Structures are given as C-alpha cells and as structure tokens.
Amino acid sequence: MLQTEQLEYAYPAEEGKTPRLALGGVDLNIEKGSFVVVLGHNGSGKSTLAKHFNAVLLPTGGKVWVEGMDTADEALLLEIRRRVGMVFQNPDNQIVANVVEEDVAFAPENLGVPPEEIRRRVDEALAVVGMEKFVRHAPHLLSGGQKQRVAIAGVIAMEPECIVLDEATAMLDPMGREEVLSTAHRLNREKGITVILITHHMNEAEEADRVIVMNDGQVAMDGSPQEVFCQVEKLRALGLTVPDTVELLYELRQSGWDVPLDALTVEACADAVAAAMK
Amino acid sequence: MEPILRVEHLTHTYGSGTPFERSAVQDLSFQVEAGEFLGVIGHTGSGKSTLIQHLNGLLRPTSGHIYLDGTDIWAKPKEIRQVRFQVGLVFQYPEYQLFEETVYRDIAFGPTNMGLTPEQVDRAVREAAAFAGLSEELLDKSPFELSGGQKRRVAIAGVIAMDPKVLILDEPTAGLDPEGRERLLANIRAYHQAKGNTILLVSHSMDEIARNVDRILVLKDAHVLMSGTPREVFARAEELESAGLDVPQVTRIARALRDRGLAIDPAVYTTEELTAALLALKKGGSAVC
C-alpha cells in the first residue's frame, strides 16, 4: 500500500542555520489491509512521517509511493489524496461546515461525486462511525470523541484505501479515545482499510498487527506488539514507557519468575501470572 | 483547623430560562485541607471545568457558597480579583495564552499586577521559572521560540509566580509524551513539597492521578460520585468504570488475578505494589484463597 525508500525530510531552516533532518533515511513497506501503530516521543519524526503518506509533506530526499504512485508527482496528487485520508489531532481544527452531514459531504463534493452518490456515502460513513443519529446536528455541540468520529466519517466518504490518524486521540478523554480506536479497528476489520495510527499511548498499540517505533528520524524498532513491547530496556532508553502488564511481568522476571514478557492484555497477563503461581 | 477551600451546595446552571438550561454542577459540597494534593477526575461533561472556574471566581454560583480560608469569596464581589491572586488557575493548553515579548515578561505579568516591587517581581519570576523547570537562559527568549512543552511550563510559571495559596492545574500533561508527562509531574511534586501549598490536579488519566495525589474527588453528572485516597477509590473499580472512567491497568490486572483465585488486594494501583504482593504470596505458599 505504502512504501518509502531512504525517505529524508528537513524542515526549512532559519537563515544561516543548517536544516535539521526530521527524517533521516526511512525504509518502510506497509502492507495493504494492515493495522500499523507508530510510536515515538515528541520530536521523533512520527508525525513528519505520517504527513508524507498523503503528500501533505514531500520528501527532501528519497521517495514515497502510494500504491506505486510517486507522491512527488504533482499530477497524481488528487489520486493519492483520494486513496489516503488523514485525521489530525485537534477536532476543532478540521470541521468545516455548520451541519454534520455537510461536513462529511465536503470531500466527495470536491471530488465531483454525483449528489445521489454523495447522499449514499454520507449516510454510510456516518453509520460506520456510529454517528448516524447526528446527521443534522451542529458539530460544535458534539464531544471531542464525536467530533473526531465525524472527521473520520469525512475521510471515509472519500472511500479511501488507507486512513492515517495523526495523534487523533491525543486531545480526547478515555471514552473518546476508545470510541475513535474501536472505530479504526472496525474499519480495518470490516472494510479492509489500511490504518496507520500515530500515538504516544502505548496501550493503543496492543491490538495492532505491527508496531513501528520512531526515534531521531529513524525506525528504531519494528515488529508485532509482542516483539516490540518485550524489549523493556530498549523502549525506556527511547523515552517510552511499556504497558503496565509488561512492566509487571518484567519485574517478576527480575525476581526470578518464569513468566513470558509478551502477555500484553490484562487477561493474558493475569493468565501468565496465575500459571506461574501454581 | 479551617479548610483552605470549602464548597457548600454549589449549583451552576447554564442557559437559565432557555430550552438549553442545564446544571453543570448540582448541589456540590466538599472541602480541601491546606497543603493537600487533591486529584479531580471525571469524564467530559461531568462538571470539572465548571467547578474549577468557580474556585477562583471566574464563574459565580447560581446558588451555594465557596469559602477560601473561611471567607465567602463573593462576600465582596468588587474584591474578587484578590481571590484570583490567591487561587491560581492554569487552563488546558495554556501555551496558547502566552502574549509577552519575552518569557521573563510573561511570567512577570501576574506578580506585577499584584503590585509587587520590581525586586520582588524579579525574585518571584526566577523562583517560579526554576519550579517550572525552565533554565535561566530561556527567560530572555520570545515565548514563540520555545517548544510546546516549554511554553506550557512558562504558562505554569506565570501562575506560580503569584505564589497562590491554591494552585489548580487543568490537564497539565495533555498531549505530552510519556517522558514529558513524567518530568512535568515531577516538577509539580517538587513545588508542592517545597511550598507546602494546596494543589488541585484535574486529569483524565487515573494512572497519573493515582501516582501523585493524596486524595481523589470523582465527579459524575454534575455530582460528587466519591472521594477518598487512591486506594479507597480504586477499591470501587466497577463504579468508576460505569461512570465512564479509566481504572489503572494495574488495578485491572489485580482484579483479573483475584478472578483467577489469587488473594490479591484489588485496590493496588502501582506495579511496585502488585509485584511485592505477588512475591509475598508466592513465598507464603498459600497462593490460592
């Protein structure tokens, strides 16, 4: 679905200063239909990376391909944006209309989709995110989680093949986070949409197919959640925490217990600890 | 001893007399002891923000009273400004509220308005900057040259510089990465220890609250759902979950272990405690209860 080759990006520097590389040679291949979580502390390059996936940013070195299309080719921009939709951090900055359904219809209208087709897409997109009851509501009266789901519906209405959530849960409360997260998982499962979730909440990575940890503009770790989270020391050195489940298992192992480190969920962790007790 | 803050039957109704009339806080009563570190938690719409805006007089109660050090803060409405110097409120995402040319002047704004002498202001600014974890050389910079995390520290320093009796922080770590969150909380804890004043920490994160505060006030639907030490509150995990709140992951593991027949206190909320409890249990040999 997405591919990067020696991707480099430097933000424009102030006069007389050398530009700092926000991304320094990233090689990635993201499979169609996968659910990928990208972690990293602030300034690690994770958001810069995400913005390359639908050509919001263009590489200053190397290449990015979306389904084989080079994002640097301006003629392909519309095709690329149609395939990869993006949801940003602040729900209040991405609502453009006064009525929920108009907001969701904004992108397909701009893509020149016929009116009856727009109607179908808007209704379907709102149903997918569980916001069909709010079709005629005013967006500013919704909660943060609801606004983000409307923003996601706006992206779904373009019928993209991939959705990038750039810290889309960072400003939400636990309930709002859960709403957005379960919506993303459902889209992935039921519609086969590739999801790339950028976050610094470790527990949002528990159910991902793949976790990529960014550090200093490079891919520092890449693997299944189990493979990544069991490397406790390495994660800590990168300024990240591990889920409490793994931390508990890690501490018990330090005390000589024979427990696996990869029991990520609360239930799996409790099973592992209970088994070691016997 | 008189509590530093006493809230009695506080009700606030928005849009009174319109079809949108809604009470954001309803008959709320609680008190905060001087020197206490209190966590305030509740999901969006529970009334947290409305409550804290009453504590420094930004909102006026529809009914009920707020006593600061024994005095009703609305006894003399014209002097409400004095209350705002004594109860410092740091809003959510305060980094968007910086406006001065230099970090120094931004922090100095509050103490200058309080009528302190330039020497006193200078001392207050430097002390507050140090508490907020800002180095001296940042003071001459423009706030807009700083990173997001540093800007937030400037905003916090601006409130600390007024040396408030009560400091209220609304979601101070929202949007920071784990390391940034922990560093900022460590600064706040150090400030609390050094000054011994009262702190109210409003947060969505139970983990964050659990690790820092003496007592937790849980709000739900405009009411106080419960209040107590972290241990007392987490012992009622099911109620918290039904109020749409997070329970710390460690508490959920402890509960899952109990479900599997292990004699574990279901109110533990740190990995250190749970590890110690498990080690003791295994050593004791009576693993199954």
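The rules behind each value
- Residues numbered from 1 in each chain as written.
- Chains lettered and ligands numbered in written order.
- Predicted model: local features only at pLDDT ≥ 70, side-chain atom pairs only at ≥ 80, totals over all residues.
- Heavy atoms only, no water.
- Pairing = 2+ DSSP bridges.
- Helix = DSSP H or I, 4+ residues; strand = E, 2+ residues; numbered from the N terminus.
- Contact = heavy atoms within 4.5 Å.
- Axes fitted to C-alpha atoms, helices over the stretch in contact; angles between N-to-C directions.
- Buried < 20%, exposed > 50% of the residue type's maximum accessible area, 1.4 Å probe, protein only.
- Buried area = accessible area lost by both parts, 1.4 Å probe.
- Salt bridge = Lys/Arg side-chain N within 4 Å of Asp/Glu carboxyl O.
- Polar contact = N/O pair within 3.5 Å; in protein donor to acceptor, adjacent residues only side chain to side chain.
- Nonpolar A, V, L, I, M, F, W, Y, C, P; charged D, E, K, R; others polar.
- Phe/Tyr/Trp six-rings, centres within 6.5 Å; stacked < 30°, edge-to-face > 60°.
- Lys NZ or Arg CZ within 6 Å of the ring centre and 35° of its normal.
- Core = buried A, V, L, I, M, F, W, Y, C linked by side-chain atoms within 4.5 Å.

A.B. asks: Help me out: how do you make sense of the sheet that holds strand S2 (residues 22-32) of chain B in this one?
C.D. replies: Across a sheet, paired strands are connected by hydrogen bonds in the backbone, their directions being either parallel or antiparallel. Residues and elements named next belong to chain B. If you trace the four strands from one edge of the open sheet to the other, you get S2-S1-S4-S5, paired in antiparallel fashion. Both outer strands of the open sheet, S2 and strand S5 (71-72), are each paired with one neighbouring strand and no more. Two elements, strand S4 (residues 63-68) and S5, share two bridges in a ladder whose sense is antiparallel. Among the inter-strand pairings, Leu 68 is bridged to a residue of S5, identified as Thr 71. This element, helix H1 (residues 48-55), spans strand S1 (5-14), S2 and S4 of the sheet and lies at about 125 degrees to S1.

A.B. asks: Please explain helix H3 (residues 100-110) of chain A as it appears in this structure.
C.D. replies: Every buried residue of H3(A) is listed here: A:Val100, A:Glu101, A:Asp103, A:Val104, A:Ala105, A:Ala107 and A:Pro108. Contacts from the buried residues of H3(A) go to helix H4 (115-128) and helix H5 (144-156) of chain A.

A.B. asks: Help me understand unusual backbone geometry, please; the structure alone is not making it clear to me.
C.D. replies: Only a minority of non-glycine residues have a phi that is not negative, and only a minority of peptide bonds are not trans. Although it is not a glycine, A:Asp216 adopts a positive phi angle of roughly 55 degrees. Judged by relative accessible area, which is 61%, A:Asp216 ranks as exposed. Phi at B:Asp163 is positive, roughly 50 degrees, even though this residue is not glycine. Residue placement: B:Asp163 occurs in the loop between helix H5 (148-160) and strand S7 (166-170).

A.B. asks: I'm lost on the interface of chain A and chain B in this one. Help?
C.D. replies: Each partner contributes to the interface: chain A provides 34 residues, whereas chain B provides 31 residues. A buried area of about 2,800 Å², summed over both sides, lies between chain A and chain B, and 63% of it is on carbon and sulfur atoms. Between chain A and chain B we count three salt bridges in total. With a closest N to O distance of 2.6 Å, B:Arg260 and A:Asp271 form a salt bridge. On the surface where chain A and chain B come into contact, there are eight residue pairs in polar contact (both at pLDDT 80 or more). Taken together, the elements giving at least two residues each to the side of chain A that touches chain B come down to helix H6 (174-191), helix H9 (244-254) and helix H10 (266-277) of chain A. Element by element, the count of residues in the side of chain A that touches chain B is highest for H10(A), at nine residues. Split by residue class, the side of chain A that touches chain B holds 18 nonpolar, eight polar and eight charged.

A.B. asks: Help me out: how do you make sense of H1(B) in this one?
C.D. replies: Each α-helix winds once per 3.6 residues, and so residues spaced three or four apart point in a common direction. All names here are of chain B. In terms of burial, H1 is largely enclosed, as six of its eight residues are buried. Listed in full, the buried residues belonging to H1 are Lys 48, Thr 50, Leu 51, Ile 52, His 54 and Leu 55. One or two residues past the end of H1 sits Gly 57, with phi positive at roughly 80 degrees.

A.B. asks: Please clarify how the packing of aromatic side chains should be interpreted in this entry.
C.D. replies: Counting across every chain of the model gives five aromatic pairs over all chains. In this structure, B:Lys282 packs its charged tip against the face of A:Trp257, placed 4.7 Å from the ring centre.

A.B. asks: It is not clear to me how the pairing of strand S10 (residues 218-223) of chain A should be interpreted in this structure. Could you clarify?
C.D. replies: Residue and element names in this part refer to chain A. The sheet contact formed by strand S9 (residues 210-215) and S10 spans five bridges and is antiparallel. The residue of S10 that forms the bridge with Asn 215 is Gln 218. As consecutive antiparallel partners, S9 and S10 are separated by two residues, and within that stretch Asp 216 has a phi angle of approximately 55 degrees, a positive value.

A.B. asks: Whenever I open this one, the nonpolar core confuses me. Can you help?
C.D. replies: Ranked by size, the top nonpolar core spans 79 residues in total, and within it A:Val104, A:Leu165, A:Val213, A:Val273, B:Leu257, B:Leu274 and B:Leu278 carry the most contacts. Looking at this core, the element that brings in the most residues is H10(A), giving seven residues. Ignoring anything within four residues of it in the chain, the contact list for B:Leu278 reads A:Leu248, A:Leu252, A:Trp257, A:Val273, A:Met277, B:Leu257, B:Leu262 and B:Ile264. Counting 50 residues, the second-largest nonpolar core is a separate cluster that includes B:Phe85, B:Phe131, B:Ala155 and B:Ile160.

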